[in-house]
Amino acid sequence: MKKWQWKEYNLSILLPENGIPQLTIIVQDGSYLFEYFEQHPLKHIAFVGVDPIDRNREYTPWYAKVDDYAYEGEADTYLTMAKDELLPFLHKEFHLSIEPKQVGIAGASFGALVSLYSLLTRREDFDYYFLLSASLWYPDFLSFLQKQPAITDEKHIFWYVGEKEGDEYPNILRKMVPNTIEATKALEEKLVHPHATFQFITDAEGIHRHPYFEKYFHGFILEVEDRFEANITSHA
C-alpha cells in the first residue's frame, strides 16, 4: 500500500496485482475498510483511502444541529474536490481511469452518507456505491432522498446496515435503522436502468462498529471482483 501526501490530505493507495484496475474506489476515512486486501490481493480493483480533515464538516450534506452539536454541511465542496482535483491527480500519477463506469465511492457512517449524497446530487461522477451503515438519521436526509427523481444511469449499489444500530441512543440517532429501511425502498424504486443493480443486507446482531463495516465491505468487494473475473473468463 502506498502512502501519499496530496494537498492537505493523506492518501492510502492500494493497486491490484495486475496494476490496471477495472474499478477504482474512493474510500472515505482512510484505509481501514480495505487493509485486508493488502494481504489478500485483488486482480481488478484499486482502492484510494482519503483521510478526512474534518469528517463532520466534509461528509455532511447541509448545516444541521443535533442536540448541542452543529454539523457544518460542506459535502458539496468535498465532492467537487474529489471529482475535479483528486481523480485527475490519480489519473496522472497512477494511470487510474476517471471514467464513471470505472470509478466508485465508499464509506461507513458519515462516509457512507456523503457517498449516498453524491449519488443523489452528482450522478455523473461514479457508477459504484458501497454504503456501510449510512447515517440516515441525519436531519431531513430521508425526505431529501425520497424527493429525488428517477436515476436513469446504470448504477451498482451495495448497502449494509446492522439492525441494532441506534438502539442505545435516546435522540434522533434512534431513527438510523427505520430511516435506512425506508431509504432503501425509495432508492431501489428510483433505479430504472435495466442493468442497474441494488443489494441491501442487514445483520440482526449488527451494531455501529468497524468490524461489521469491514466484514460487509469485504463481502461486497469480493462479489464485484468475482463479477469482473467471470466477465473476463466468458470473453476469453
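Note that the coordinates shown come from a computational prediction; the quantities given were computed from them, not determined experimentally.

Colleague: Quick rundown of the overall build of the protein? Include the residues and the values.
Modeller: Along its length, the protein carries seven helices and ten strands. Against the compact-globule benchmark of 18 Å for 236 residues, the protein has a radius of gyration of 17 Å, which places it among compact chains. If you line up the protein on its principal axes, its C-alpha atoms span 55 × 40 × 35 Å. Looking at the protein residue by residue over its 236 residues, the buried ones come to 52%. Counting only contacts in the protein whose residues sit at least 6 apart along the sequence, the fraction spanning at least 24 positions is 71%.

Colleague: Lay out the environment of threonine 77 in plain terms, naming residues and giving numbers.
Modeller: Relative to the helices and strands, threonine 77 is located in helix H3 (residues 75–94). It is 27 Å that separates the C-alpha atoms of threonine 77 and phenylalanine 198, two residues lying 121 residues apart in sequence.

Colleague: Residue-level account of unusual backbone geometry, with values.
Modeller: Positioned with a positive phi, aspartate 29 is a non-glycine residue whose angle comes to about 70°. Structurally, the position occupied by aspartate 29 is in the loop between strand E3 (23–28) and helix H1 (36–39). A relative accessible area of 16% means that aspartate 29 is categorised as buried. Despite not being glycine, serine 133 has its phi angle at roughly 55°, a positive value. You can see serine 133 is positioned in the loop between strand E8 (128–132) and helix H5 (141–146).

Colleague: Just give me the short version of the nonpolar core, but keep the residues and values in it.
Modeller: Formed by 55 residues in total, the largest nonpolar core has its most connected members in Ile26, Leu86, Leu90, Leu116, Phe141 and Trp159. Looking at which element gives the most residues to this core, the answer is H3, with nine residues. Discounting residues that sit within four places of it in the chain, leucine 86 has contacts with Trp6, Leu11, Ile26, Val50 and Met81. Within the second largest apolar cluster, 25 residues are counted, among which are Leu23, Phe37, Tyr216 and Ile221.

Colleague: For the packing of aromatic side chains, give the residues involved together with the corresponding values.
Modeller: Applying the stated criterion across every chain, the model contains 31 aromatic pairs. Considering the side-chain rings of tyrosine 71 and phenylalanine 110, the 5.4 Å spacing of their centres and the 85° angle between planes classify their relative orientation as edge-to-face. Taken together, the residues tyrosine 71 in strand E6 (residues 69–71) and phenylalanine 110 in helix H4 (residues 110–121) connect sequence positions 39 residues apart. With a centroid separation of 5.9 Å and 80° between ring planes, the pair formed by phenylalanine 130 and phenylalanine 217 is classed as edge-to-face. Pair noted here: phenylalanine 130 is in strand E8 and phenylalanine 217 is in helix H7 (residues 210–234), with a separation of 87 residues, a long-range link. Summarising the burial analysis for this pair, phenylalanine 130 and phenylalanine 217 share the class buried. A network of ring pairs unites the aromatic residues Trp62, Tyr69, Tyr71, Phe110, Tyr117, Trp137, Tyr138, Phe141 and Phe144 as a single cluster.

Quick notes on the rules
Residues numbered from 1 in each chain as written. Predicted model: local features only at pLDDT ≥ 70, side-chain atom pairs only at ≥ 80, totals over all residues. Heavy atoms only, no water. Helix = DSSP H or I, 4+ residues; strand = E, 2+ residues; numbered from the N terminus. Rg over C-alpha atoms; globule rule 2.2 N^0.38 Å. Buried < 20%, exposed > 50% of the residue type's maximum accessible area, 1.4 Å probe, protein only. Contact = heavy atoms within 4.5 Å. Core = buried A, V, L, I, M, F, W, Y, C linked by side-chain atoms within 4.5 Å. Phe/Tyr/Trp six-rings, centres within 6.5 Å; stacked < 30°, edge-to-face > 60°.

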